[in-house]
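Observations on the model geometry
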Amino acid sequence: MPIIFVCSVPFGGGERLAKGLAAKLGYAYLSREDVVARSNECGIPVGKLEVAMIKKPAARERLARLKERYLAVATATICEKAAEGDLVYYGRAGHLLLPGIGHVLRVRVIPEYSQRLDTAVQRTKLNRERAAAFLDEIDADIRTWVQFVHGVQMDDLQKYDFVVNLEHMSIENAAAALCGIADLPDFRPTPASRRAMDERLLQARARIKLALDPRTADADLTVRSNEGVVTITYMPNQASVAPVIPEILCALPECRELRCTVASTNVLWIQEEFQPGGALLAQVNELARRWGAAVELLRYRPDEPEAALAAPVPQAAGTAPRGADGGIEDDVVETVADADRAFGQMLDTLVHAGCSGGGHTVAGSRERLLAAVNPTISYSLVLVGDVFLGKAAAARTRMTRELTRFLADHLPVPVLPAAELGAKLRFGPAQVVRLAATAVLTAALYAVVFTHQEVFLNVLGGPLHDAHPWGAVALVAVLAPLAAALNAGVTSSLLRLLKLE
Amino acid sequence: MPELLGSVFIHVTWADALVVVALGFVGGVLSGFTGSGGAFFMTPGMMNLGVTGVVAVGSNVAHRMGNNLMGSLKHAKLGNVDTKLAAWLLVPALVAVRVAVWINGKLFQLKGGHEGGGEGAASNLYISVVFVGVLTAVGIFILRDALRSRHSHDAEGPSMRAANFVSRLRLPPYVYFPVADVKVSVWLVLLVGLALGYLDGTVAIGGFIGVPAMIYLFGVPTSVAPGTELFLAMFGGGLAALSYGYQGLVDIRLTLLLLLGSIIGVFVGTYGTKVVREVLIRLVMGSVILLCVVSRALAIPVYLRQLDLVSFDRRLEPWFNGASTAMLFVAGLGGAGLILVQVVKARLAQRRLHETLRVTRPAAG
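Being a predicted model, the structure only gives us computed values, none of them experimental. Each chain has its residues counted from 1, running along the sequence as written. Think of it this way: whatever chain is written first is A, whatever ligand is written first is 1, and the rest follow in order. Residue-level local features of this predicted model are given only where pLDDT is at least 70; pairs of side-chain atoms are given and counted only at 80 or more, and the full residue set underlies all totals for whole chains, interfaces and linings.

**Here's the deal with the overall build of chain B**
The secondary structure content of chain B amounts to 13 helices and three strands. Exposure classification rests on a simple neighbour count of other C-beta atoms within 10 Å of a residue's own: a residue reaching 20 or more is buried, one at 12 or fewer is exposed, and one in between is partly exposed. C-beta atoms are placed from the backbone. Per-residue burial over chain B gives 55% buried out of 365 residues. For the purpose of contact definition, each residue receives a C-beta atom placed from its backbone, and two residues are in contact when these atoms lie within 7 Å. Considering only contacts in chain B between residues 6 or more positions apart, those separated by 24 or more positions represent 79%. Helix numbering and strand numbering both begin at the N terminus, where a helix is a DSSP run of H or I of at least 4 residues and a strand a DSSP run of E of at least 2.

**Brief notes about the overall build of chain A**
Of regular secondary structure, chain A possesses 18 helices and 13 strands. Scored against the burial criterion, the 501 residues of chain A give a buried share of 39%. Pairs at least 24 apart in sequence give 76% of the contacts found in chain A among residues at least 6 apart.

**Some words on the sheet that holds strand β4 (residues 104-110) of chain A**
All names here are of chain A. Two strands pair if DSSP finds at least two bridges between them. With parallel pairing, five strands are arranged side by side in an open sheet as β2-β3-β1-β4-β5. Of all the strands in the sheet, just β2 (28-31) and β5 (162-165) have a single pairing partner and so form its edges. For this sheet the average axis-to-axis angle between neighbouring strands, irrespective of direction, equals 20°. As judged from the five bridges shared by strand β1 (residues 3-7) and strand β3 (residues 87-91), these two strands associate in the parallel manner. Bridging across to β3, I3 finds its partner in L87. Fitting a line to C-alpha atoms yields each axis, with helices limited to the stretch in contact; the angle taken between N-to-C directions then spans 0 to 180 degrees.

**Examining the sheet that holds strand β12 (residues 379-384) of chain A**
All names here are of chain A. Read across the sheet, five strands follow the order β11-β10-β9-β12-β13 without closing on themselves; strand pairing throughout is parallel. The strands lining the two open edges of the sheet, one partner per strand, are β11 (356-363) and β13 (415-417). Between one strand and the next, the sheet's axes are offset by a mean angle of 20°, whatever the strand orientation. Summarising the sheet, strand β10 (residues 293-301) and β11 pair through six bridges and their orientation is parallel. Across the sheet, the residue bridging to L297 is G359, located in β11. The sheet contacts of helix α10 (residues 279-291) involve β9 (265-271), β10 and β12, and relative to β10 the element is tilted by about 145°.

**Section: the nonpolar core**
We define the nonpolar core as any set of buried residues of the types Ala, Val, Leu, Ile, Met, Phe, Trp, Tyr and Cys, connected via C-beta atoms lying within 7 Å of each other. Grouped together as the largest cluster of nonpolar side chains are 131 residues, with contacts concentrated most on A:V476, B:L89, B:V203, B:A241, B:V250, B:I289 and B:C292. The residues contacting B:I289, other than those within four sequence positions of it, are B:F40, B:L135, B:V138, B:G139 and B:I142. Counting 105 residues, the second largest nonpolar core, distinct from the first, contains A:A93, A:C260, A:V284 and A:L347.

**Details of helix α13 (residues 393-410) of chain A**
Residue and element names in this part refer to chain A. Under the 1.5 Å per step criterion, the end-to-end length of α13 is 26 Å for 18 residues, consistent within 8% with the ideal 26 Å. Residues of α13 that are buried include every one of T400, L403 and T404, and no others. The arc that holds every buried residue of α13, seen down its axis, measures 100°, which confines them to one face. Residues of α13 that are exposed and point over 90 degrees away from its buried face: A394, A395, R401, E402, R405, D409 and H410. In this analysis, the expected span of each helix is defined as 1.5 Å times one less than the number of residues it contains. Directions pointing from the helix axis toward each C-beta atom define the arc.

**Considering the environment of B:S287**
All names here are of chain B. Tracing the chain through its elements places S287 in helix α12 (residues 278-306). With 18 C-beta atoms packed within 10 Å, S287 lands in the partly exposed category. Spatially, the C-alpha atom of S287 lies 8.1 Å from that of G335, the residues being 48 residues apart in sequence. Apart from the residues within four sequence positions on either side, S287 is in contact with L143 and G335.

**What to know about the packing of helix α5 (residues 83-109) of chain B against helix α10 (residues 225-246) of chain B**
All names here are of chain B. Viewed as axis vectors pointing N to C, α5 and α10 meet at an angle of 20°, and their least axial separation amounts to 9 Å. One finds that α5 runs roughly parallel with respect to α10. The handedness of the crossing between α5 and α10 is right-handed. In contact with T83, L85, A86, L89, L90, A93, L94, V97, R98 and V101 of α5, α10 contributes T228, F231, L232, F235, G236, L239, A240, S243 and Y244. Ten residues, namely Ala, Val, Leu, Ile, Met, Phe, Trp, Tyr, Cys and Pro, are considered nonpolar, four, namely Asp, Glu, Lys and Arg, are considered charged, and the remaining ones, Gly among them, are considered polar. Across the contact of α5 with α10, the residue classes tally to 14 nonpolar, four polar and one charged. Note on terminology: angles under 35 degrees are roughly parallel, angles over 145 are roughly antiparallel, angles of 65 to 115 are roughly perpendicular, and the others are oblique. With the far helix as reference, a near helix turned anticlockwise by less than a right angle produces a left-handed crossing, and one turned clockwise produces a right-handed crossing.

**With respect to the confidence of the model for chain B**
Note: predicted coordinates in regions of low pLDDT should not be interpreted at a detailed level. All names here are of chain B. Averaged over all residues, the pLDDT of chain B equals 78, while 79% of them reach at least 70. Below pLDDT 50 for its whole length, residues 153-158 participates in 12 contacts with residues either more than four positions away or in separate chains. For this predicted complex, the interface confidence score (ipTM) comes to 0.76, while the overall pTM stands at 0.63. Each residue carries a pLDDT score, the predictor's own confidence in it, on a scale running from 0 to 100.

**Digging into the pairing of β9(A)**
All names here are of chain A. Extensive coverage of β9 is indicated by the burial of six of its seven residues. Pairing of β9 with β10 involves seven bridges; the strand directions are parallel. Of the residues in β10, the one forming a bridge with I270 is L298. Looking down the strands as they point away from the viewer, one classifies a crossover as right-handed if the path from the first strand across the helix to the second runs clockwise. Chirality of the crossover, the property in question, places the unit of β9, α10 and β10 among those that are right-handed. As paired elements, β9 and β12 share five bridges and run parallel to each other. Looking across to β12, one finds that L268 is bridged to V382.

**Concerning the packing of helix α1 (residues 14-25) of chain A against helix α7 (residues 171-182) of chain A**
All names here are of chain A. Where α1 meets α7, the axes come as close as 9 Å, and the angle between the chain directions of the two elements is 50°. By the angle between their directions, the pair α1 and α7 is classed as oblique. Regarding α1 and α7, the two cross each other, and that crossing is right-handed. The residues of α7 that touch α1, namely those facing R16, L17, G20, L21, K24 and L25, are I171, E172, A174, A175, L178, C179 and A182. When grouped by side-chain class, the residues that make up the contact of α1 with α7 number nine nonpolar, one polar and three charged.

**What about helix α8 (residues 191-212) of chain A?**
An α-helical turn contains 3.6 residues, so any two residues separated by three or four positions project in the same direction. Taking 1.5 Å of rise per residue, the 22 residues of α8(A) would be expected to cover 32 Å, and the 31 Å separating its terminal C-alpha atoms lies within 8% of that figure. The buried fraction of α8(A) is high, at 16 of 22 residues.

**As for the pairing of β10(A)**
The buried fraction of β10(A) is high, at nine of nine residues. Side chains A:A293, A:V295, A:L297, A:R299 and A:R301 project from β10(A) onto one buried face, and the interleaved A:A294, A:E296, A:L298 and A:Y300 project onto a second face that is buried too.

**Structural notes on the environment of A:V152**
Residue and element names in this part refer to chain A. Tracing the sequence through the fold places V152 in the loop between α6 (128-150) and β5. For V152, a count of 15 C-beta atoms within 10 Å translates into the label partly exposed. In this structure the C-alpha to C-alpha distance between V152 and L96, which are 56 residues apart in sequence, comes to 8.9 Å. In contact with V152, not counting residues within four places along its chain, are L96 and K159.

**Looking at unusual backbone geometry**
Residues and elements named next belong to chain A. Phi at F11 takes a positive value of approximately 65°, unusual for a residue other than glycine. The residue F11 is located in the loop between β1 and α1 in this model. Its 22 C-beta neighbours within 10 Å are what place F11 among the buried residues.

Okay, here's the thing in structure tokens:
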């Protein structure tokens, strides 16, 4: 059965609908108040956080860490409750808390305005005019909060599966309709969606434990989880927290392995199949070493439905459990197992290279791939390797190019086809020629200026300038950017030569 | 040549050239590290070499013109530029730049000017006073903020007091900036644009207040503020550079020498921000600024004497100049040295940590 998220604004009837729905279905009921209460217990002052985010926009960067913790507490609270049984959650933006989980029904409730106003007047004891202004104000505050916490508009209807407009439907009838929808197979849990939720819970619990421990409370840590492997990356300037992380997380339930990586930044490598060894891995390792980056692997299976990802990836040495689907199923099972084993080996290779940022798998559309990219992680580069392996070469090239462009349009980081990485890192003859050429040009520019100082100074501030002041303008407009470009060219080439860029 | 050198431009010896390159490097390190431009170090540094203040400013803004262009293109590629905000700031900034350059040019021609004898003393005094006044306030604010947050539990991030104050003000009309996702009063935008342009045109430190103003007053995210400021500076700083060029107050030799040192310095400083805690960045920034202020303040009596506003033995002038130069180099080299040490330490530590990656297997339960 699904987790049903009912989202609405205060006094809008959403809470009544959610409670009624839970009662009809016999589900447990959880509300935002429960999440807020647990957050406060965990030392996250949600009230203050809300005020700070809504009223003090400059606080955004400062409060980002607190927001992360709040999201972790909310995720953990909902996942834990859902693990006990079926669940209806009521809140303002609960539908955004578990992205990528299949068995979630997201319902938006649009209130009937006059009824909402009446309820507000009754509960706040304000007159109608002031109550209306009050409602406008809290609606605006909630929109700001949702935009800050989740980075999307609350009114974006694409984020919901079902919209209930209470102007045309009673709460009771809406609840009855939702009972039927909740029973649809589209919202039933699958092994993959259950597994994804377990990962979310594990990740959230790790985040909370680290946030609650005073030794790591102020550290900027990135937490990832995949198949029970929790990967923590920390900044080089917070190296002192490294020894205590395993100590803090040692008793974490369901965590079968813990990996800690120091990283200044992150590189995301998207590919359909990963094979240890090869030139590309060496290049990525080289890049990670130069940048001090953690490399996160994202195995993308565009031709498979999400439900295909049921088996634990690194442990797939044997045959994966799989329903008979006819055709060449034995071959397919063997191939998948080999691929999973290779993926696990690849992760181990990165661990031994000291630059593992974890890895996970996603299947389905490119939108699903985009949703799998964690927006809270600061990436410096996204590499797109070989994908669409089931397609012919020409189609594969086109589709890879389109995917790269799609990601570049939607992610605020450079997205590079992996095939171009070698050219970016290589310092071959072409780069030597370029370095030599820019160095010679730079030297020539400086030589000309400093051996003809009188001419230049005459143009810039002498009698010639008095006669033709625009000559000085032209000289500055040409020489300053030219010298900057040449110097930058030489410097970047030298840094690349020294593998320091 | 001699008459040119005597009136506007200095004679650049090999030693001077090396010093200007070093000024560029240190300024670049501080600029990359603090993200607020290195003019607060480079401009007074050149003035201590005997460069007239207005030429030091002109040469410095010309040096920044090229850097701004490249930096802004990079930021634009990453989507870190709010062009609408930049455009709103640009209009008042361009007006203020023109006014500032005009004032500097007029002051430069006062008392001696091109005729020699205390050349540009009025302009030097004006630039120094603006420099000391503005940067004292900024330096104290940053340092106090850093020291406070260092001892508080909620240690990271800039103070929000200014932003809180501004958010309480109701100054319609408001304009929405989509990339930064903030709504700001038009009056506030105009005010900041004017201040930014004036300081860019007067002391070449517009960028220095532009980024903090966007973050502290407008609530612009820290990833967007530097990109937007660079985009703005590409036009505002460019106009300032060309205006100074038109008035014959840019020494392209100094511009080229500054560029030689600053680009590599910016790289080092930028790397430093990745490996040094934010509170330390603000401590270094505040300390260096205040030391630069002291250095500039030590030079002010010399200009006052040259303008006959105070009188003291002329033989004391080299002492004031020497103390000012020494203080400036203590500030710059101390700050840049500290950053370099941190960078090297972090690099070494990172290598060690990569070798000792922890892979533990806690008991599942």
